[in-house]
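This is what each chain is made of:
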Amino acid sequence: MVRTPLSNAVEIGYRVVVFATNGNFEELQCDSGLCWCADEFTGSVQLGTTVVHDSLWQLLPCYNSTLHGESYLRQCESAAHAQKIILKKFYTRGTVGVTFNEIPCDYDGAYGRYKVENGVVYCTWRDGKKIGSFQIRSSMLSSVNCYCARDTIIYREAGIPFTLACGGNGNYEYSQDQNGQLFCVDSDGFVVTTEVAPNESCDKFIYNSAFYNED
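The model shown is predicted, which means the values in this text are computed figures rather than measured ones.

K.L.:
Whenever I open this one, the pairing of strand E7 (residues 120-124) confuses me. Can you help?
P.N.:
Consecutive side chains of a regular strand alternate in pointing toward one face of the sheet and then the other. Across the 5 residues of E7, 5 count as buried, placing the element largely inside the fold. Side chains Val120, Tyr122 and Thr124 of E7 all project onto a buried face; the interleaved residues Val121 and Cys123 project onto the opposite face, where all are buried too. Examined bridge by bridge, strand E6 (residues 114-117) and E7 share 4 bridges and lie antiparallel to one another. By the bridge assignment, Tyr114 is partnered in E7 with Cys123. Between E6 and E7, which pair antiparallel in sequence order, lie 2 residues; one of them, Asn118, sits at a positive phi of approximately 50°. As paired strands, E7 and strand E8 (residues 130-137) are joined by 4 bridges and run antiparallel to one another. The residue bridging Tyr122 from the neighbouring strand is Gln135, located in E8. In textbook terms, the turn of a hairpin is the stretch between consecutive antiparallel strands, and for E7 and E8 this stretch comprises 5 residues, one of which, Gly128, has a positive phi near 90°.

In structure tokens:
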């Protein structure tokens, strides 16, 4: 099963629009070669404005040179781009060996599921803020997906109780126990079996586990 990306991008007609961190739509939107000024509450094109080719985006009334710069970048993309500009300035002045922690971004320009600081991986929400106390050393980065950590936010904002257990790294625990009912979930939190005995490992039921048993 493929996990559906968690996103605050929504499709309106033929366009995909992106929310700002306050929950409203970002005023300036660009997608599929087109740019427009969006109503902050509906995401639709603002009255009195029009949709333009992305080469003309700086002519839109909602364009702000200080805020948007020379190219259209969303929040996380802007932070990552700023790092590259700073590095370039260091290099042109003869300073080498300067490094920054990578800033992973989601496909729609929001911050990715985690960030690395001082050798520690932290689960993060779409605004770049850390989620709870989920963390693990950076040498274990390849095993981190933070799906469970992020789903706690999704459920909380929807007013739905979140009853599954997360590991300390923000991933779903494969083995779950609710009121004595034992069951296994996969990395996305989907139940894969309810036929599990006490102290039995869930690994053989998990498709992406090294111990998965097709039989």
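K.L.:
Any chance you could explain a nonpolar patch on the surface here in plain terms?
P.N.:
Nonpolar side chains collect at one region of the surface, where Phe90, Tyr91 and Val96 lie side by side and expose about 310 Å² of accessible area between them. Examined against the element boundaries, Tyr91 turns out to sit in helix H2 (residues 75-92).

K.L.:
Looking at this structure, how should I read the sheet that holds strand E11 (residues 191-193)?
P.N.:
Adjacent strands of a sheet pair through backbone hydrogen bonds, lying either parallel or antiparallel. Taken in spatial order, the 3 strands line up as E9-E10-E11 in an open sheet, and their pairing is antiparallel. At either end of the open sheet lies a strand with only one pairing partner, and these are strand E9 (175-178) and E11. Here the average twist between neighbouring strands, direction ignored, is 50°. Direction of pairing for strand E10 (residues 181-185) relative to E11: antiparallel, over a ladder of 2 bridges. Its bridge partner being in E11, Cys184 is matched across the sheet by Thr193.

K.L.:
Any chance you could explain the nonpolar core here in plain terms?
P.N.:
The nonpolar side chains of a soluble globular protein tend to be buried with one another. Counting 11 residues, the largest nonpolar core consists of Val116, Val121, Cys123, Trp125, Ile131, Phe134, Ile136, Val144, Cys146, Ala149 and Ile153. Elements supplying a minimum of two residues to this core: E7, E8 and helix H3 (147-158). Leave out the neighbours within four places in its chain, and Val144 touches Val121, Ile136, Asn169 and Asn171. Core analysis: the next-biggest nonpolar cluster, separate from the first, contains 9 residues, Cys30, Cys35, Cys62 and Tyr63 among them.

K.L.:
Please clarify how the pattern of salt bridges should be interpreted in this entry.
P.N.:
In a structure, side chains of opposite charge can pair up when their charged atoms sit close to one another. Tallying each qualifying case throughout the model produces 3 salt bridges. Between Lys115 and Glu117 there is a salt bridge, with its nearest N and O atoms 3.5 Å apart. For the salt bridge of Lys130 with Glu117, the shortest nitrogen-to-oxygen distance reads 3.4 Å. With Lys130 in strand E8 and Glu117 in strand E6, this residue pair connects regions lying 13 residues apart in the sequence. Look at Lys130 and you get partly exposed, because its relative accessible area is 41%. Sharing partners across several salt bridges, the network here consists of Lys115, Glu117 and Lys130.

Rules behind the numbers
Residues numbered from 1 in each chain as written. Predicted model: local features only at pLDDT ≥ 70, side-chain atom pairs only at ≥ 80, totals over all residues. Heavy atoms only, no water. Buried < 20%, exposed > 50% of the residue type's maximum accessible area, 1.4 Å probe, protein only. Helix = DSSP H or I, 4+ residues; strand = E, 2+ residues; numbered from the N terminus. Pairing = 2+ DSSP bridges. Patch = residues over 30% accessible without salt bridge, like charges linked within 9 Å, V, L, I, M, F, W, Y side chains within 5 Å. Areas by Shrake-Rupley, 256 points an atom, 1.4 Å probe, with all protein chains shown as cover. Salt bridge = Lys/Arg side-chain N within 4 Å of Asp/Glu carboxyl O. Axes fitted to C-alpha atoms, helices over the stretch in contact; angles between N-to-C directions. Core = buried A, V, L, I, M, F, W, Y, C linked by side-chain atoms within 4.5 Å. Contact = heavy atoms within 4.5 Å.

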